[in-house]
Amino acid sequence: MAIPVIDFSKLDGKERAETLAKIANGCEEWGFFQLVNHGIPVELLERVKKVSSECYKLRAEAFKKSNPVQLLNKLEDKEGENSNVQRLDDVDWEDVFVLQDDNEWPSNPPEFKETMKEYRRELKKLAEKLMEIMDENLGLQKGCIKNAFSGNGEHEPFFGTKVSHYPPCPRLDLVQGLRAHTDAGGVILLFQDDHVGGLQMLKDGRWIDVQPVANAIVINTGDQIEVLSNGRYKSVWHRVLATSNGNRRSIASFYNPSPKATIAPATPGEEAQPLYPKFVFGDYMDVYVKQKFQPKEPRFEAVAAM
């Protein structure tokens, strides 16, 4: 079983209806799909790979002193003392930093900032195009999801990029990687490693690999898309398994509502009873940060009670 791979360029031709249906299926049946021929220049993607790889090399020494490595070292010391050793199930084996428009970015390598600014501009346009497609497939007015995310234009939606590397892990029996979770926000656009796998999504009770596809952008939907679609599009549990060889690149961009935006099911007309509460996204995030790795239904219940 493989994650759907969709040729995005066919939206503009004779196969538009078929491509819309494939995207709808990816949202409804999977919660994950991959886009190829998405319009982001391959030359830019190659530069993103290069600068992120160089940036990681500059950070590699610091990771050796990071909390996950120190905790693993302590476990290995306990093993030597014949103590009972438990897996590090509440730790992520990940080197990560976040890029936003208003925070400090790495200055090395020198071309990192300009490359990632250009990349983020392209990703933001792709996210907004995808949201319009979701509007169309859900029978909503064009711009409905974007308007919801911006509080009808009153606030700026959040757009952040998480640059991650998953270094080789010497003890796969003690470390998982990135813990299973659903994403809190809206549309997630992931540029993952071409060669080193590890990302998995949960479908029908089984963990399925999100297979590396060269220069594809992996799309998944977050909790807010589930709410706006009144459950037609589900946010899906996913995780990353650590590997013993290979350094996995992962660049995830999140197009999320403004913290001040009000989110509620946007079903057209009186078609369906709302299955989710109305809430302010910032309140939801307050709940999510405490319950990220727990079942998502209590998050909706908690925010409904606010």
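Residues numbered from 1 in each chain as written. Predicted model: local features only at pLDDT ≥ 70, side-chain atom pairs only at ≥ 80, totals over all residues. Heavy atoms only, no water.

*Asks:* I would appreciate a short explanation of the pairing of strand β9 (residues 206-209) in the present structure.
*Replies:* The two faces of a sheet get side chains in turn, since along a regular strand they alternate between them. Strand direction decides the pairing type here: strand β8 (residues 199-203) and β9, joined by four bridges, are antiparallel. For Gln200, the partnering residue across the bridge sits in β9 and is Asp209. Where β8 folds back on β9, the antiparallel hairpin that results is connected by two residues, among which Asp204 adopts a positive phi of roughly 50°. (Pairing = 2+ DSSP bridges. Helix = DSSP H or I, 4+ residues; strand = E, 2+ residues; numbered from the N terminus.)

*Asks:* When you look at the UniProt feature "domain: Fe2OG dioxygenase" (unreviewed entry) in the protein chain in this model, what are you seeing that I'm missing?
*Replies:* The residues that UniProt annotates with the feature "domain: Fe2OG dioxygenase" (unreviewed entry) are residues 157-257. Its end C-alpha atoms 5 Å apart, residues 157-257 is made of 6% helix and 49% strand. (UniProt positions renumbered as here; feature names shortened; annotations may be inferred.)

*Asks:* I'm lost on unusual backbone geometry in this one. Help?
*Replies:* Note: most residues except glycine have negative phi, and most peptide bonds are trans. Along the chain, Asn108 connects to Pro109 via a cis peptide bond; the corresponding omega equals 0°. Mapped onto the secondary structure, Pro109 falls in the loop between β4 (95-99) and α4 (112-138). Residues other than glycine seldom take positive phi values, yet Asp204 does so here, at roughly 50°. Counting through the fold element by element, Asp204 comes out in the loop between β8 and β9. Asp204 gets classed as exposed once you look at its relative accessible area, which sits at 67%. The backbone of Asn215 sits at a positive phi, close to 60°, despite the residue not being glycine. (Buried < 20%, exposed > 50% of the residue type's maximum accessible area, 1.4 Å probe, protein only.)

*Asks:* Looking at this model, I keep getting lost on the environment of Asp92. Mind explaining?
*Replies:* Relative to the helices and strands, Asp92 is located in strand β3 (residues 88-92). A sequence separation of 192 residues divides Asp92 from Tyr284, and the C-alpha atoms of the two residues are 23 Å apart. Beyond its immediate chain neighbours, meaning those up to four positions away, Asp92 contacts Pro68, Gly177, Leu178, Arg179 and Phe293. Engagement of the side chain of Asp92 in a polar contact is seen with the backbone nitrogen of Arg179, the distance being 2.9 Å. (Contact = heavy atoms within 4.5 Å. Polar contact = N/O pair within 3.5 Å; in protein donor to acceptor, adjacent residues only side chain to side chain.)

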